[in-house]
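Coordinate analysis (summary)
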Amino acid sequence: MSDSNTIDFLLIGKTGNGKSSTGNSILLRDDSFASSGSASSVTSTIKEEFSEYKGRIIKVVDSPGIGDTRCDTQDARKMVTTALKKAMFINSRGYHAFLIVIKYGCRFTGEEQGTIKFLKSFFGENFVKDFCIIVMTNGDSFKRDNRKSGKTFETWCSEQTGEIKELLDECEKRIVLFDNYLDDTFNKEQQVDKLLDVVDKLKAGGKRYVDSNFEEAKETRKRAKIESQHCIINEKTKQETSLIFQKLEQIQELKNGDKKMKELLQLKERCSKLLDETKLKDKGTNVLQDIISAITSQKKIVTKEIENIQKEERDREELAKRNEENRKKEEEDRERLRMELEKLSMEERLKCEQEMKQKLEEKLEKKKKKMKKKEAKNKEKAEKEREQLQLEKEEAQRLYKEATEKSQEGLISKAINWISNWFKKK
């Protein structure tokens, strides 16, 4: 049978929404997929089944329920990621549509919004827009609720607001209502026909999610993985930077210049190591850019402190050198004066000695004033640099506060705890 007569579906949905029962309804079989009305997922591995309907081969692949209550978040994500990858590999020609199964009568929760976000991170940002169809189960309840009013499912969809409306808009209103408890063949086939009609419109656009789409979504998956670790990385980094700030304050109180310089250099190396490891975890995605900026600012403060000490040392050496040069010059001036005086008469010698002494005193006084002025200027400059360093330190602390606040907004509630705790390796 040609490819044009085949339809490939991948079922995706939260446990308890009737995903496996929907698979049975699509295949018009009751025993293809095991189902359960409880919140505990029956599907734990990928399963595929087939049926022939009106000259077409329908293939349905059932995936594990996202949010399986038997697993913690890390295990569940790992299980689902592995299963979804397998689902891509076992159907090399790709899928015509991904069926997102949602249950009528249940509120579209933040958990389910997180599911959609996870799927986008796995399959790519345009996954919902280009390849998804919403299958709303519990159709029997919808009919009971709206029997008196006569409201149609299309009208009900148009009245929706909030997150469910956003999802409908994103998938371009591709939604079908399924009643998985129908008994008569006519109505069972009618809802399958509606689903196939929506799929045919997707096929007419030449759309099929294949391995190349999955490969293109690789960067999206990498970024999502790092985003899920943001809280953990930020908490560890916050701890380390706080300890670095504390150590810096302790070093600034030291009087021994050599010891102060040694510990500052060690602290700078510590900042560099933290920065390099954070950049490595970011993998060029810029997800951790706020943390990287804060660490960079902290490293800059430590570097500035080192530069100030080095400058102070150079200034001391330069001052000692100038004092030695002045001392030698004074000795040379005295020796020259002595030799000139020996050539003069006593009276001239006394007069000349007084004049030379006065000039020498004036010269020395002038030098002293110049040196005091320069020292005052250097002192003022050093004070300004210390004030600037304090401002930069406060700015770095502000950046970390913002990074911490940012990490608490809109991230996956529980992060994958996979990174090695490098702080314990120190």
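Residues numbered from 1 in each chain as written. Predicted model: local features only at pLDDT ≥ 70, side-chain atom pairs only at ≥ 80, totals over all residues. Heavy atoms only, no water.

Here's the deal with the overall build of the chain
Just so we agree on the cut-off: We count a stretch as a helix when DSSP gives it H or I for four or more residues in a row; a strand needs E for two or more, and each element gets its number in order from the N terminus. The rule is simple: take the accessible area with a 1.4 Å probe, protein chains only, and divide by the maximum for that residue type; under 20% is buried, over 50% is exposed, in between is partly exposed. For this analysis, residues touch if any pair of their heavy atoms sits within 4.5 Å. The protein chains shown are the only cover counted for residues, whose accessible areas, like all others here, come from Shrake-Rupley with a 1.4 Å probe.
Within the chain, the regular secondary structure consists of 13 helices and six strands. Going through the 426 residues of the chain one by one, you find that 41% of them count as buried. Residue pairs at least 24 apart in sequence account for 77% of intrachain contacts in the chain once pairs closer than 6 positions are excluded. Carbon and sulfur atoms make up 49% of the accessible area of the chain, which totals about 24,900 Å².

Topic: the layout of surface pockets
Going by this rule: Using protein atoms alone on a 1 Å grid, points that fit a 1.4 Å probe yet trap it form a cavity, whereas open point sets bounded by protein on both sides within 12 Å along at least five of seven lines form a pocket; residues with an atom within 4 Å of a point count as lining. Grid points are joined across faces, edges and corners, and a volume is the space filled by probe spheres set on the points. Charged means Asp, Glu, Lys or Arg here, nonpolar means Ala, Val, Leu, Ile, Met, Phe, Trp, Tyr, Cys or Pro, and polar covers whatever is left, Gly included.
By volume, the largest pocket is sized at about 860 Å³. Lining the largest pocket are 31 residues, with N308, E312, R316, A382 and R386 positioned closest to its centre. Taken together, the elements giving at least two residues each to the lining of the largest pocket come down to α11 (257–282), α12 (289–342) and α13 (346–407). With 13 residues, α13 is the largest single contributor of residues to the lining of the largest pocket. Of the residues that constitute the lining of the largest pocket, the class distribution is seven nonpolar, six polar and 18 charged.

Brief notes about empty space enclosed by the protein
Applying the stated criterion across every chain yields a total of two cavities of 30 Å³ or more. Within this model, the largest cavity holds a volume of roughly 70 Å³. At the level of secondary structure, the elements contributing two or more residues to the lining of the largest cavity comprise β1 (6–13), β4 (97–103) and α3 (110–123). In terms of residue count, α3 provides more of the lining of the largest cavity than any other element does, four residues in total. In terms of residue class, the lining of the largest cavity is built from seven nonpolar, three polar and two charged. Size it by volume and the second largest cavity reaches roughly 30 Å³.

With respect to α3
Our working definition: Helices are assigned an expected span. That span is 1.5 Å times one less than the residue count.
The terminal C-alpha atoms of α3, which comprises 14 residues, lie 20 Å apart, in line with the 20 Å expected from a rise of 1.5 Å per residue. Backbone geometry just after α3 places G124 at a positive phi near 120°.

Some details on the pattern of salt bridges
Going by this rule: Salt bridge, as used here, is a side-chain nitrogen of Lys or Arg placed within 4 Å of a carboxyl oxygen of Asp or Glu.
For the structure on display, the rule yields 24 salt bridges. A salt bridge links K151 to E159, with the shortest nitrogen-to-oxygen separation between them at 2.9 Å. Among the ionic pairs, R322 bridges to E318, the shortest N-O distance being 2.9 Å. Pair noted here: R322 and E318 are both in helix α12, with a separation of four residues, about one helical turn. Among the ionic contacts, a cluster of salt bridges with common partners joins K329, D333, R336 and K363.

A short note on the sheet that holds strand β3 (residues 56–62)
Here is the rule: The pairing criterion is simple: DSSP has to find at least two bridges between the two strands. A fitted line through C-alpha atoms serves as each axis, taken over the contacting stretch for helices, and the angle formed by two N-to-C directions is quoted from 0 to 180°.
Read across the sheet, six strands follow the order β2-β3-β1-β4-β5-β6 without closing on themselves; strand pairing throughout is mixed. Strands with a single pairing partner mark the edges of an open sheet, and in this sheet they are β2 (47–53) and β6 (175–177). Adjacent strand axes in the sheet meet at a mean angle of 25°, parallel and antiparallel pairs treated alike.

As for the confidence of the model for the chain
We apply this condition: The pLDDT value expresses, per residue, how confident the predictor is, ranging between 0 and 100.
When pLDDT is averaged along the chain, the result is 76; 74% of the residues meet or exceed 70. β6 holds the highest mean pLDDT among the elements of the chain, 96, whereas helix α9 (residues 211–216) holds the lowest, 51. Confidence drops under pLDDT 50 across residues 38–43; counting only partners more than four residues distant or on other chains, this segment forms 20 contacts.

Things to note about the nonpolar core
Threshold: In this text, buried Ala, Val, Leu, Ile, Met, Phe, Trp, Tyr and Cys residues form a nonpolar core when linked through side-chain atoms within 4.5 Å.
Residues L10, F98, I102, F123, F127, M136 and F153 are the most contacted members of the largest nonpolar core, which totals 35 residues. Here this core takes five residues from α3, the largest share from any one element. In terms of nonpolar packing, the next biggest core, distinct from the first, is built from 22 residues, I7, I26, Y53 and I133 among them.

Focus on the side chain of E305
Inclusion rule: Here Asp and Glu are counted as negative and Lys and Arg as positive; His is not counted, and neither are the chain ends.
Assignment of secondary structure puts E305 in helix α12. In this structure E305 is buried but unpaired, with K260 as the nearest side chain of opposite charge at 4.1 Å. In this view, E305 contacts Q252, K260, L264 and L389; residues no more than four positions away in its chain are not counted.

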